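Working through the structure, step by step
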Amino acid sequence: MADTEIIRKRLEQHILNSAHTFREVSLHIGRKDSYIQQYVKYGFPKRLSEIDRKKVCRFLNIDEKELIDDELINQFVREPLITNPKACLGKSCDYVMIDIYSPRPKIDFFNTVVGRISLNQKEFGSWCGANPENLRAIRIDGDYMEPTFPNGSLVLYDTTSTTFKTDGLYVIMHNGIAQLKRVQQVYTDMYILMDDNPHYENVEREFLHLEILGRAVTCLSAHPL
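Residues numbered from 1 in each chain as written. Predicted model: local features only at pLDDT ≥ 70, side-chain atom pairs only at ≥ 80, totals over all residues. Heavy atoms only, no water.

Notes on the layout of surface pockets
In this structure, the largest pocket occupies an estimated 640 Å³ of space. G30, R31, K32, L210 and E211 are the residues nearest the centre of the largest pocket, which is lined by 25 residues in total. Within the lining of the largest pocket, the residues separate by chemical class into 14 nonpolar, five polar and six charged. (1 Å grid on protein atoms, 1.4 Å probe; cavity = no way out; pocket = protein on both sides within 12 Å on 5 of 7 lines; lining within 4 Å. Points joined across faces, edges and corners; volume = space filled by probe spheres on them. Nonpolar A, V, L, I, M, F, W, Y, C, P; charged D, E, K, R; others polar.)

In structure tokens, the structure reads:
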């Protein structure tokens, strides 16, 4: 039996026994340097996201099961998630499932799954080339990206791309809200966050204050008929 507190202590011990620091583990998984320490010491977030957990386990060379608490295990038993289409080949399942997160988290974004979308494996592969195992989704909450992306549109983003590489569309945390933004680098450590709606002004953001959740890969637009 292992609750979330035991899991945090278990991870802390693994890090202390390794040649790495909390900061190194945080940066390796694409988080801020204090992320893992906050998780281990203060329980924020309540648990690591699935992607982060896998990255941490690979980095520290530990079994993934060691960082899964009983509550999460029970959730998997009640609602098995099929996120890897390759796992369905030759079997009866032919779909992938992607978590949808609340764009306005009250406490911790990574523990605010508000729904899931189920997509046919073949259909999904015909219009999206990304690995569904790495994808998450949010709904655009507001008119800030209209008319290109209407309010209510579902944005799928790649959680393995949490660092800025080139100008483009990213899902970021902006004023405590997960939003789709056009991010453009203007200086080495300065970026501009742009909306498509001309009524919104561009915002400058320093690199250290730019929290990227992932690069947007596709959007299911909410055009009323």
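Some points on the nonpolar core
Soluble globular proteins: nonpolar side chains tend toward being buried together. Judged by nonpolar contacts, the single largest core of 35 residues is most densely connected at L11, I36, V56, F109 and L180. At the level of secondary structure, the elements contributing two or more residues to this core comprise α1 (4-17), α2 (22-28), α3 (35-42), α4 (50-60), β4 (154-158), β5 (168-174), β6 (177-187) and β9 (211-220). With four residues, the single largest contributor to this core is α3. Beyond its immediate stretch of four places on either side in the chain, I36 contacts I15, F22, V25, S26, I29, L48 and V56. Counting residues in each nonpolar core, the second largest holds eleven residues, with V96, I100, L119 and L156 among its members. (Core = buried A, V, L, I, M, F, W, Y, C linked by side-chain atoms within 4.5 Å. Buried < 20%, exposed > 50% of the residue type's maximum accessible area, 1.4 Å probe, protein only. Helix = DSSP H or I, 4+ residues; strand = E, 2+ residues; numbered from the N terminus. Contact = heavy atoms within 4.5 Å.)

Some details on the confidence of the model for the protein chain
Scored by pLDDT, the protein chain comes out at a mean of 84, with 88% of its residues at no less than 70. Looking over the protein chain, one finds the lowest element-wise mean pLDDT in helix α5 (residues 70-78), namely 59, and the highest in strand β7 (residues 190-194), namely 96. Note on residues 76-92: pLDDT is under 50 here. Beyond four places in sequence and across chains, it has 23 contacts. (pLDDT = per-residue confidence, 0-100.)

Overview of the side chain of S26
Turning to its location among the elements, S26 is positioned in helix α2. Here the side chain of S26 touches D33 through a polar contact of 3.5 Å, landing on its backbone oxygen. In contact with S26, not counting residues within four places along its chain, are R31, K32, D33, S34, Y35 and I36. (Polar contact = N/O pair within 3.5 Å; in protein donor to acceptor, adjacent residues only side chain to side chain.)

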